[in-house]
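# Breakdown of the fold
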Amino acid sequence: MSREPRIVAELGRPETPEETADRKAESSRIYRSSQNVRNLVAALIATLAVVVVIIVAVPRGTPPEREPIDVAAVAQSIAESEGRTIVAPDMSDDWIVNRAGIEGSGSVRAFTVVYAPAGEDERGFLRVAQGLDADAAWPARVLSGSAPQDTVTIDGITWERYELDPDRTGNISVALATDAGTDTVLIYGAASADALEETARSVTDQITALREEAE
């Protein structure tokens, strides 16, 4: 005995052959789509697993600390090559040296030491520059054309004192300048008056030596 065609509830009648074929095709499409999604999720999980393995496997560590710069040694080396006295500041442990060497500033070469505060929370910087055979206008060129406000005497050395606008001078707010024989010593940066005076005191003997050499 032949089976009666199945009545589809949504239609209220048996499916036609064409409707049956469409229904099966749609079911196949939905199944294939779900398989694609599952495959994509599986591939993503596998990729993340590989990344995790690489991160865990690669050795990590803190980079080695930079060797401290011996300002006195650098200054001595340059003094020997230049045949002249080179100023080497002797700063307290409150400061670390970022750079020391000969720099150019227009027509003037200068031995320059760059200091930063040693404390992690401290801000500011100081530069001590010895302009070799610098002309009288060299400090003004370095300080964006600024002129000194007055003078101050530190350890018997008279310095020209500058108070500057950091917006106009590249974050430089204070400076001291004095002659050192045929050279000029310029101390400048963003620091307190006490730090500036401490730095000036650290080069008193060398400035005196340079002046005596020039006599």
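Let me begin by describing the structure that accompanies this report. (Residues numbered from 1 in each chain as written. Predicted model: local features only at pLDDT ≥ 70, side-chain atom pairs only at ≥ 80, totals over all residues. Heavy atoms only, no water.)

## Here we look at the environment of Phe111
For Phe111, the location among the structural elements is in strand 4 (residues 108-117). Sequence separation of Phe111 and Ala100 is 11 residues, and the distance between their C-alpha atoms is 7.3 Å. Here Phe111 is in contact with Val74, Ala75, Ile78, Ile86, Val87, Ala100, Gly101, Ile102, Val128, Ala129 and Gln130, once residues within four sequence places are set aside. (Helix = DSSP H or I, 4+ residues; strand = E, 2+ residues; numbered from the N terminus. Contact = heavy atoms within 4.5 Å.)

## Describing the pattern of salt bridges
Enumeration over the complete set of coordinates arrives at 11 salt bridges. For Glu82, the salt bridge goes to Arg109, with nearest N and O atoms at 2.5 Å. Here the residue Glu82 occupies a position in helix 2 (residues 71-82), and Arg109 occupies one in strand 4, the gap between them amounting to 27 residues. Judged by its relative accessible area of 27%, Glu82 falls in the partly exposed class. Here Arg109 falls in the partly exposed class, since its relative accessible area comes to 38%. Overlapping salt bridges, with partners in common, bring together Arg84, Asp133 and Asp183 in one network. (Salt bridge = Lys/Arg side-chain N within 4 Å of Asp/Glu carboxyl O. Buried < 20%, exposed > 50% of the residue type's maximum accessible area, 1.4 Å probe, protein only.)

## Observations regarding the layout of surface pockets
Estimated volume of the largest pocket: approximately 270 Å³. Residue lining of the largest pocket: 14 residues in total, with Pro68, Ile69, Trp95, Ile96 and Val97 positioned closest to the centre. When residues of the lining of the largest pocket are traced back to their parent elements, those giving at least two are helix 2 and strand 3 (95-105). Residue contributions to the lining of the largest pocket peak at 3 residues, all from strand 3. Here the residues of the lining of the largest pocket are counted per class, giving 11 nonpolar, no polar and 3 charged. Space inside the second largest pocket adds up to approximately 160 Å³. Residue lining of the second largest pocket: 15 residues in total, with Ala136, Pro139, Glu160, Asp179 and Thr184 positioned closest to the centre. Those elements giving two or more residues to the lining of the second largest pocket turn out to be helix 3 (138-142), strand 7 (157-163), strand 8 (174-180) and strand 9 (183-190). (1 Å grid on protein atoms, 1.4 Å probe; cavity = no way out; pocket = protein on both sides within 12 Å on 5 of 7 lines; lining within 4 Å. Points joined across faces, edges and corners; volume = space filled by probe spheres on them. Nonpolar A, V, L, I, M, F, W, Y, C, P; charged D, E, K, R; others polar.)

## Considerations on the pairing of strand 4
On any regular strand, side chains alternate: one points to one face of the sheet, the next to the other face. Within strand 4, 9 of the 10 residues are buried, leaving the element largely enclosed by the surrounding structure. Inspection of the sheet shows strand 4 paired to strand 5 (residues 125-131) by 6 bridges, in the antiparallel sense. Paired with Val114 across the strands is Arg127, a residue of strand 5. (Pairing = 2+ DSSP bridges.)

## Considering the nonpolar core
Core analysis: the biggest nonpolar cluster contains 30 residues, and Ile86, Tyr115, Leu126, Trp159, Val185, Ile187 and Ile207 have the highest contact counts within it. With 4 residues, helix 2 is the single largest residue contributor to this core. Discounting chain neighbours no more than four positions away, the residues touching Ile187 are Leu126, Arg127, Val128, Trp159, Val174, Ala175, Leu176, Leu196, Thr199 and Ala200. Among the nonpolar cores identified, the runner-up in size contains 14 residues, and Ala129, Trp138, Tyr162 and Ala175 belong to it. (Core = buried A, V, L, I, M, F, W, Y, C linked by side-chain atoms within 4.5 Å.)

## With respect to unusual backbone geometry
A positive phi is found at Asp155, a non-glycine position, where the angle reads about 55°. One non-glycine residue, Asn171, adopts positive backbone phi at about 75°. For Asn171, the location among the structural elements is in the loop between helix 4 (166-169) and strand 8. Judged by its relative accessible area of 54%, Asn171 is exposed.

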